[in-house]
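# Summary of the model geometry
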Amino acid sequence: MTYHAAVWIDHQEAKIFHLTTQDVEKDAVHNGVPNHHVHRKADHLGLGKTALEPAFMTDIADTLVGARAILLAGPGQARIELMRFLEKSHPAIAANVWDNQPMDHPTDPQIVAAARTYFNGADRMHG
């Protein structure tokens, strides 16, 4: 079991990093649905992307069991959709989400560095 987890997510994949003081373990979950952009019309209020599949988000939630502090990150709306899914379907996991931050497309080491920086400060605030 890990204490910290950082999730970087977009509509195609999620990278989950389980962080201890010394080590990092990475899980990757891929959305099994083909990537296709929804074309918007002038009167269309949607986001221009298809919604995340529940099976994709369930697989992500399964990797977060045991994490006591979770940071969600990513570009666009996928991280927000994941948070809403967790609140509705996995409230115990959602309760452990400490923050939800926008983050473009960093490398894996950049995600880990940003998570470590975030948790170093957040740990003091959360006790």
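Please read all numbers here as calculations on a predicted model, not as lab measurements. (Residues numbered from 1 in each chain as written. Predicted model: local features only at pLDDT ≥ 70, side-chain atom pairs only at ≥ 80, totals over all residues. Heavy atoms only, no water.)

## Looking at the side chain of E81
Position of E81 relative to the elements: it lies in helix α2 (residues 78–89). Although E81 is buried, it makes no salt bridge; R84 carries the closest opposite charge, 6.9 Å away. Here L52 takes part through its backbone nitrogen, which lies 3.0 Å from a polar atom of the side chain of E81. Among residues more than four places away in sequence, those in contact with E81 are H11, A51, L52 and M57. (Helix = DSSP H or I, 4+ residues; strand = E, 2+ residues; numbered from the N terminus. Buried < 20%, exposed > 50% of the residue type's maximum accessible area, 1.4 Å probe, protein only. Lys, Arg positive; Asp, Glu negative; His and termini not counted. Salt bridge = Lys/Arg side-chain N within 4 Å of Asp/Glu carboxyl O. Polar contact = N/O pair within 3.5 Å; in protein donor to acceptor, adjacent residues only side chain to side chain. Contact = heavy atoms within 4.5 Å.)

## Remarks on the sheet that holds strand β5 (residues 97–102)
Across the sheet, five strands lie side by side as β3-β2-β1-β4-β5; this open sheet has mixed pairing. Across the chains shown, the open sheet's two edge strands, defined by having one partner strand only, are β3 (24–30) and β5. With strand direction ignored, the average angle separating the axes of adjacent strands in the sheet is 15°. Pairing between strand β2 (residues 13–19) and β3: seven bridges, direction antiparallel. (Pairing = 2+ DSSP bridges. Axes fitted to C-alpha atoms, helices over the stretch in contact; angles between N-to-C directions.)

## Some thoughts on the nonpolar core
In this structure, V7, I9, I60, L64, I70, L82 and L86 are the most contacted members of the largest nonpolar core, which totals 23 residues. When residues of this core are traced back to their parent elements, those giving at least two are β1 (4–9), β2, α1 (54–63), β4 (69–74), α2 and α3 (91–94). Broken down by element, this core gets its largest block of residues, five residues, from α2. Apart from residues lying up to four places away in sequence, L64 is in contact with A5, V7, I16, I70 and I93. (Core = buried A, V, L, I, M, F, W, Y, C linked by side-chain atoms within 4.5 Å.)

## Focus: the environment of A78
Locating A78 in the fold gives a position in helix α2. With 69 residues separating them in the primary sequence, A78 and I9 have C-alpha atoms 6.2 Å apart. Among all residues touching A78, those that are not within four sequence positions of it are I9, D10, H11 and L52.

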